[in-house]
Amino acid sequence: PDFVPSDDSRMAGLKTFEMLAERIAEWQPHLADPAPDAHLVWATMHGLVTIELMHRRWGGPLVAHLQGDPEQNYARAMNTLIAGLGKNP
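Residues numbered from 1 in each chain as written. Predicted model: local features only at pLDDT ≥ 70, side-chain atom pairs only at ≥ 80, totals over all residues. Heavy atoms only, no water.

J.: Would you take a moment to explain the overall build of the protein for this structure?
T.: Each helix and strand counted, the protein has 3 helices and 0 strands in total. Shown N-terminal to C-terminal, the secondary structure of the protein runs as helices and strands in the order α-α-α. Here the protein holds 89 residues, and the buried ones make up 20% of them. Taking as baseline every contact in the protein between residues at least 6 positions apart, the subset at least 24 positions apart corresponds to 52%. A total accessible area of about 6900 Å² is found for the protein, and carbon and sulfur atoms account for 61% of it. (Helix = DSSP H or I, 4+ residues; strand = E, 2+ residues; numbered from the N terminus. Buried < 20%, exposed > 50% of the residue type's maximum accessible area, 1.4 Å probe, protein only. Contact = heavy atoms within 4.5 Å. Areas by Shrake-Rupley, 256 points an atom, 1.4 Å probe, with all protein chains shown as cover.)

Take a look at the structure:
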């Protein structure tokens, strides 16, 4: 909680986010502004990795859909999320 990233690391993070927003725009060209959807993907990626790492670190049981190949699970989650971008509920 006391960690404060440097300005350089914040700028590097912003550049990475901008790269993600560009990819989202390529994958979903119908989106008027890809930044909100890129934020959703960014936060989801962060959450998926955090959940997996915390379960492994503390020895907690992984829920069934997180067992197996973590890269495959991650790719499936991201593909599902990206496929749903911009669709009306």
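J.: In this structure, what is going on with helix α1 (residues 7-27)? I would like to understand it.
T.: Structural remark: α-helix, 3.6 residues per turn; residues separated by three or four positions point the same way. Across its 21 residues, α1 extends 30 Å between first and last C-alpha, which sits within 8% of the 30 Å expected from 1.5 Å per residue. Restricting attention to buried positions, one finds in α1 the residues F17, L20, A21 and I24. Projected onto a plane normal to the axis of α1, the buried residues spread over an arc of 105° and lie on a single side. In α1, the exposed positions angled more than 90 degrees off the buried face are occupied by D8, K15, M19, E22 and E26. (Expected span 1.5 Å × (residues − 1). Arc of directions from axis to C-beta.)

J.: Explanation requested: the packing of aromatic side chains in the structure shown.
T.: Two aromatic rings are characterised by how far apart their centres lie and by the angle between their planes. The final tally for this structure, using the stated rule, is 1 aromatic pair. With a centroid separation of 5.7 Å and 70° between ring planes, the pair formed by F17 and W42 is classed as edge-to-face. One end of the pair, F17, is in helix α1; the other, W42, is in helix α2 (residues 35-58), with 25 residues separating them in the sequence. Since its relative accessible area comes to 31%, W42 is described here as partly exposed. (Phe/Tyr/Trp six-rings, centres within 6.5 Å; stacked < 30°, edge-to-face > 60°.)

J.: What is the right way to read the nonpolar core from this model?
T.: F17, L20, A21, I24, L31, A38, V41, M78, L81, I82 and L85 form the largest nonpolar core, which has 11 residues in total. Only α1, α2 and α3 (70-84) provide two or more residues apiece to this core. For this core, the leading source of residues is α1, giving 4 residues. (Core = buried A, V, L, I, M, F, W, Y, C linked by side-chain atoms within 4.5 Å.)

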